[in-house]
Amino acid sequence: MLRRGSQALRRFSTGRVYFKSKLKLALIGQSLFGQEVYSHLCKEGHRVVGVFTVPDKDGKADPLALAAEKDGTPVFKLPKWRVKGKTIKEVAEAYRSVGAELNVLPFCTQFIPMDIIDSPKHGSIIYHPSILPRHRGASAINWTLIMGDKKAGFSVFWADDGLDTGPILLQRSCDVEPNDTVDALYNRFLFPEGIKAMVEAVQLIADGKAPRIPQPEEGATYEGIQKKENAEISWDQSAEVLHNWIRGHDKVPGAWTEINGQMVTFYGSTLLNSSVPPGEPLEIKGAKKPGLVTKNGLVLFGNDGKALMVRNLQFEDGKMIPASQYFSAGETSVVELTAEEVKVAETIKDIWAGILSNVPVIEDSTDFFKSGASSMDVARLVEEIRQKCGGLQLQNEDVYMATKFEDFIQKVVRKLRGEDQEVELVVDYISKEVNEMMVKMPYQCFINGQFTDADDGKTYDTINPTDGSTIGKVSYASLADVDKAVAAAKDAFENGEWGRMNARERGRLMYRLADLLEENQEELATIEALDSGAVYTLALKTHIGMSVQTFRYFAGWCDKIQGSTIPINQARPNRNLTFTKKEPLGVCAIIIPWNYPLMMLAWKSAACLAAGNTLVLKPAQVTPLTALKFAELSVKAGFPKGVINIIPGSGGIAGQRLSEHPDIRKLGFTGSTPIGKQIMKSCAVSNLKKVSLELGGKSPLIIFNDCELDKAVRMGMGAVFFNKGENCIAAGRLFVEESIHDEFVTRVVEEIKKMKIGDPLDRSTDHGPQNHKAHLEKLLQYCETGVKEGATLVYGGRQVQRPGFFMEPTVFTDVEDYMYLAKEESFGPIMVISKFQNGDVDGVLQRANNTEFGLASGVFTRDINKAMYVSEKLEAGTVFINTYNKTDVAAPFGGVKQSGFGKDLGEEALNEYLKTKTVTLEY
């Protein structure tokens, strides 16, 4: 009955010095959560003197037992603690032998006698996944969702002789999102924060600071474990209540209803916020309105007229199918296996036998789960098949969809043959009649060749900066979506058609994509105007036009990426050949800004794809729409699934996960310097992934008195006001020679007054709205700071009094070197002018270089010697002479100092996405 795991006497300290009080602990419980609590407590210096857990199951030890045994901690595997209400004597003796001062119960399914609970000096503390006194009892997370609670959380409480009634030590809570599942809540909050809280609670006890707050009886509820017969859906309720019932019962025991005389269980519920898609009606017993089987799932209706959707259905025999396939579920015929496929089937049978060690013989009718497999075994099955079957990549869901061995083999064979692939891309659009055309904008995540809702169903509004109206709701990618996208990109690179494709064919696809971008340029430019506020005519020429050029340029590079042969010293009589190969890196992440949404995508992704990589791209949260339209066009161009993945969402969630993800080998980022530093740190700490950064700028433009003044005025204005000033290389500070300073300023103001500010879709508009409201507010604050510091506001500095996020083009003079305006980038239509003394070339150079940024710079002068001297001395990645904003797809672009490193465009950009391999052979 009593079994103690192996242990070894520890003779050495860990080397860590602890200053806080520490305790001797007994950990009672099981699971991965218990293992993590154990590990963290040990790291904090507490001494776990004994682990009391459950016996091995099918020869497998519990994760908590494994971790403790590895450390040499005494482990006791107990089938039970008491018989006929009394504590088993040898169990009690074994427990008391370890001399614990506190019992810690992170997750425990066994009943622990009160004499054990009260035995230690400090008693016992328990983790419970609800905000007590609400949802006492088992299945607390499920009941949190079933009851529609807006808050979830956990409690760490002092054990007493009641059922989850002991005094509270600490509690933590979080919001429940509309489409949260049990797994989502657990993984996002209850698991990671629960571990931290258990460690914190133990330390509070050790320090004598742990409270004992009596639980109130007001608001107390108790719910037991739900049984299958009690989980039937009652249909005369609102869509939200139905959704809560289904998601609260997800996985176990499963909410069910009767369809065509058969019990059918629903999984994967989300509230449907968009319009109901077309589908085929499905009569459901008790429901007042038939469900709809659509391409995305089964739509169900509440008594309030609102709808929800479920993704998967399970029948009485255990078979699970996508809800979208309800009417075609029985149409799949049995496929005959080739000799090669028979070998694969035999390999998979061996894998099943290894997992289901309790099953004597694996037969066609053997059911994976009914034979004792768990969710952990699903992950093992998928990974073993990948390793032993030539990289065949299955999803966990494939196992749940085909639980019997015969069905599973049929699914595997269809996947091997490519028969399970979607033959047609399904796209849901935000559609708008605008700019004399119907604009159709995808709004979902694009992962593995398909548009799909975010895993948790979350969306956000994308805003039209021209009037502040909502264009539509866009999927808000979760961590799970990032992981799916990376997995898809990794599979496409390692196992897919893309990784085997020759370079010339890769170039052909990129040329085709460039053609499609050009064919759809009016729609793409219109989307840029709607989503980013770009003036349509500029978007047509620059945002879209340069994107087309970029893809064509790099398409031409695909079959011209070459290594070299290198003569080396040879040890006679042997002869050697040494050569280098340029190879793709693998999965690359790309994070782009909001000022040129499509063009920044093109600058980075074209080089990335030309080099043979796959990519996961996160567009800026405020401008996702052209990136998603690009994804649609990439499918039409013929790019294999998984090569291009687009995940709209926040930088803090999706972007951070990309920078930390261990399967990503390169990250390209354009954005602010502070975020760039954080990304670089995350990339280094995670897996030392390669990084290229194009960051902030404060580009100086020096205008000498011997310049062509008309041209300097015109191009100086373009250097500042181009694209509403939302331009990474914008001239952040103009240095104008004293003798022409006043005339230059006068002419600039005269020209500004001629500029038309208005609707970016109006062909006569010169200046559109700023990209988003928060940016406009930042620019207005920037101007206020300039005035307070003593700079002269010559023109503008205010918001235009009309709907939307419009700002007047602005001019400041008398800007001294110490001022905020002289040091910080505005990223808006603000011209910052400083005067310099006639003839003081070196002096103005010193002032121009007195910045931590070094993205671009410029000089206007008729003196070629002066121009070349200044260009040599300016500390910037690009120098413009008698021009500005003149970038080209063949010319490398990037900064120095805190403006980043690495290049976009030109041949050098390819090197950012390639690695060099040296090969030496002897003959």
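These numbers come from a predicted model, not from an experiment.

Novice: So what exactly am I meant to see when it comes to the UniProt feature "active site" (unreviewed entry) in the chain here?
Specialist: The UniProt feature table records "active site" (unreviewed entry) at H128, E694 and C728. Maximum C-alpha separation among the annotated residues is 50.9 Å over a sequence range of 601 residues, too wide for a single clustered spot. Owing to a relative accessible area of 5%, H128 belongs among the buried residues under this scheme. Beyond its immediate chain neighbours, meaning those up to four positions away, H128 contacts H135, R136, G137, A140, F154, S155, F157 and D164. Relative to the assigned elements, C728 resides in the loop between α21 (709–721) and β32 (731–737). A residue is classified by how much of its surface remains accessible, and C728, at 9% relative accessible area, is buried. Discounting chain neighbours no more than four positions away, the residues touching C728 are N595, E694, G697, E825, F827, L855 and F893.

Novice: Would you mind going over the side chain of Q215 with me for this structure?
Specialist: Its location among the elements puts Q215 in the loop between α6 (182–206) and α7 (239–248). Residue class for Q215 comes out buried when judged on its relative accessible area of 10%. In contact with Q215, other than residues within four places in its own chain, are L132, P133, R136, D164, T165, G166 and I168.

Novice: I would appreciate a short explanation of a nonpolar patch on the surface in the present structure.
Specialist: Taken together, the side chains of L577, L921 and Y923 make up a nonpolar region of the molecular surface, amounting to roughly 280 Å² of accessible area. Secondary-structure assignment places Y923 in the segment after β41 (914–922). Accessibility expressed as a relative area gives 53% for Y923, which makes it exposed.

Novice: Could you clarify how one ought to interpret the sheet that holds β41 in this entry?
Specialist: Strand pairing in a sheet relies on backbone hydrogen bonds. The paired strands run either parallel or antiparallel. Strand order in the open sheet made by the three strands is β24-β25-β41, with antiparallel pairing throughout. Bordering the open sheet on either side are β24 (565–566) and β41, each of which pairs with just one other strand. The sheet contact formed by strand β25 (residues 576–584) and β41 spans nine bridges and is antiparallel. The residue of β41 that forms the bridge with K581 is K917.

Novice: Whenever I open this one, the nonpolar core confuses me. Can you help?
Specialist: The tendency in soluble globular proteins is for nonpolar side chains to be buried side by side. Core analysis: the biggest nonpolar cluster contains 105 residues, and M510, F551, F639, I703, L734, F744 and M831 have the highest contact counts within it. Considering each element in turn, this core owes the most residues, eleven residues, to helix α17 (residues 597–610). The residues that make up this core include at least three from each of domain 4 (429–694) and domain 5 (700–894). With residues near it in sequence (within four places) discarded, F744 still touches I703, L709, A712, V713, L734, V736, M831 and I833.

Novice: Would you take a moment to explain the pairing of strand β23 (residues 470–475) for this structure?
Specialist: Regular strands have side chains that alternate between both faces of the sheet. Relative to β23, strand β22 (residues 459–463) is paired through five bridges, and the arrangement is antiparallel. Opposite Y460, over in β23, you have V474 as the bridge partner.

Novice: Looking at this structure, how should I read the UniProt feature "binding site: (6R)-10-formyltetrahydrofolate" (unreviewed entry) in the chain?
Specialist: Listed under "binding site: (6R)-10-formyltetrahydrofolate" (unreviewed entry) in the UniProt record, and renumbered for this structure, are Q110, F111, I112 and D164. These residues run over 55 residues, yet every pair of their C-alpha atoms falls within 14.0 Å of each other. In this fold, Q110 is placed in the loop between β7 (102–105) and α4 (114–117). Sequence-distant contacts of Q110, defined by excluding residues within four places in its chain, comprise T53, V54, L78, P79, K80 and W81. Within the structure, Q110 has its side chain in polar contact with the backbone oxygen of L78 (distance 2.6 Å). With respect to the helices and strands, I112 occurs in the loop between β7 and α4. Ignoring sequence-local partners within four residues, the contact set of I112 consists of I28, W81, L105 and I117.

Novice: Sorry if this is basic, but what is going on with helix α18 (residues 625–637) here?
Specialist: Residue pairs three or four apart in sequence face the same way in an α-helix, which turns once every 3.6 residues. In this model, α18 (13 residues) spans 19 Å end to end at C-alpha, consistent with the 18 Å of a helix rising 1.5 Å per residue. Counting buried positions along α18 gives eleven out of 13 residues, so the element sits mostly inside the fold. Those residues of α18 not exposed but buried are L625, T626, A627, L628, K629, F630, A631, E632, L633, S634 and A637. Residue G638 follows α18 closely and has a positive phi angle near 100°.

Novice: What exactly am I supposed to notice about helix α20 (residues 673–687) here?
Specialist: With 15 residues, α20 ought to run about 21 Å at 1.5 Å a step, and its terminal C-alpha atoms sit 21 Å apart, in line with that. T673, G676, I679, S682, C683 and N687 are the residues of α20 that are buried. Taken from the residues just after α20, L688 is the one with a positive phi, measuring 55°.

Novice: Help me out: how do you make sense of the domain arrangement of the chain in this one?
Specialist: Many structure descriptions define interface size as the accessible area lost when the parts assemble. In terms of domains, the chain is made up of domain 1 (24–207), domain 2 (228–325), domain 3 (339–417), domain 4 (429–694) and domain 5 (700–894). Here the C-alpha centre of domain 5 lies 59 Å away from the C-alpha centre of domain 2.

Novice: Before we go on, may I ask you to explain unusual backbone geometry in this structure?
Specialist: Leaving glycine out, the prevailing phi sign among residues is negative, and the prevailing peptide bond configuration is trans. With an omega of 15°, the peptide bond running from L132 to P133 counts as cis. Located in the positive-phi region is D814, a residue other than glycine, with phi close to 55°. Along the chain, D814 falls in the loop between β34 (810–813) and α24 (820–823). For K897, which is not glycine, the phi torsion reads 55° and is therefore positive. Here K897 lies in strand β39 (residues 896–897).

Conventions we followed
Residues numbered from 1 in each chain as written. Predicted model: local features only at pLDDT ≥ 70, side-chain atom pairs only at ≥ 80, totals over all residues. Heavy atoms only, no water. UniProt positions renumbered as here; feature names shortened; annotations may be inferred. Buried < 20%, exposed > 50% of the residue type's maximum accessible area, 1.4 Å probe, protein only. Contact = heavy atoms within 4.5 Å. Helix = DSSP H or I, 4+ residues; strand = E, 2+ residues; numbered from the N terminus. Patch = residues over 30% accessible without salt bridge, like charges linked within 9 Å, V, L, I, M, F, W, Y side chains within 5 Å. Areas by Shrake-Rupley, 256 points an atom, 1.4 Å probe, with all protein chains shown as cover. Salt bridge = Lys/Arg side-chain N within 4 Å of Asp/Glu carboxyl O. Pairing = 2+ DSSP bridges. Core = buried A, V, L, I, M, F, W, Y, C linked by side-chain atoms within 4.5 Å. Domains from an automatic or database assignment. Polar contact = N/O pair within 3.5 Å; in protein donor to acceptor, adjacent residues only side chain to side chain. Expected span 1.5 Å × (residues − 1).

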